[in-house]
Amino acid sequence: VSAFLKSANEVMAKDLNRLRQRTGHFLKGKPKITPILEAERLYERLTYVHAQPVHHELVERVDDWPGLSSFRAFCDGKGTVDVAWLDRDAWREAG
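Conventions and cut-offs
Residues numbered from 1 in each chain as written. Predicted model: local features only at pLDDT ≥ 70, side-chain atom pairs only at ≥ 80, totals over all residues. Heavy atoms only, no water. 1 Å grid on protein atoms, 1.4 Å probe; cavity = no way out; pocket = protein on both sides within 12 Å on 5 of 7 lines; lining within 4 Å. Points joined across faces, edges and corners; volume = space filled by probe spheres on them. Helix = DSSP H or I, 4+ residues; strand = E, 2+ residues; numbered from the N terminus. Nonpolar A, V, L, I, M, F, W, Y, C, P; charged D, E, K, R; others polar. Salt bridge = Lys/Arg side-chain N within 4 Å of Asp/Glu carboxyl O. Buried < 20%, exposed > 50% of the residue type's maximum accessible area, 1.4 Å probe, protein only. Contact = heavy atoms within 4.5 Å.

> Help me out: how do you make sense of the layout of surface pockets in this one?
One simple way to see leftover space: roll a probe sized like a water molecule over the atoms. Estimated volume of the largest pocket: approximately 1700 Å³. Forming the boundary of the largest pocket are 35 residues, of which M12, F26, L27, V49 and Q52 lie nearest the centre. Breaking the lining of the largest pocket down by element, the ones donating at least two residues are α1 (2–20), α2 (39–55) and α4 (88–93). For the lining of the largest pocket, the class distribution of residues is 18 nonpolar, 9 polar and 8 charged.

Shown next as structure tokens:
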């Protein structure tokens, strides 16, 4: 898992830094990996992740986030998310 996370961090940092004309790491510190064994804990973690753009005052509502998100699929009860495209212009405009 750690090799995957390291690789994912490097790829995300490279792409996001290029898009936002920045440098540095994407994720800070060592990630905390905790198995999620109960449905209630999964719901709590997904709720936490989806709420982060609001928590950091990037948008007023979770549904307003212009970036990639599973929020709508989560609310609609879907088990998968179609991520065939990403609107890079909207991503750049979001800052």
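> How do you make sense of the pattern of salt bridges when you look at a structure like this?
Where charged atoms of side chains with opposite charge meet at close range, the side chains can pair. Summed over all chains, the structure comprises 3 salt bridges. Put simply, E44 and R41 hold a salt bridge, and the shortest N to O gap is 2.8 Å. Highlighted residues: E44 and R41, both in helix α2, separated by 3 residues, approximately one helical turn. Among the residues examined, E44 registers a relative accessible area of 34% and is labelled partly exposed. Overall, R41 belongs to the partly exposed group, its relative accessible area being 32%. In this structure, D64 and R61 form a salt bridge, with 3.1 Å as the shortest nitrogen-oxygen distance. With relative accessibility at 36%, the residue D64 sits in the partly exposed group.

> How should the side chain of H50 be read in this particular structure?
Of note, H50 is situated in helix α2. Here H50 falls in the buried class, since its relative accessible area comes to 7%. Contact partners of H50, with chain neighbours within four places excluded, come to V62, S69, S70, F71 and F74.

None of the figures reported here should be taken as evidence of function without further support.
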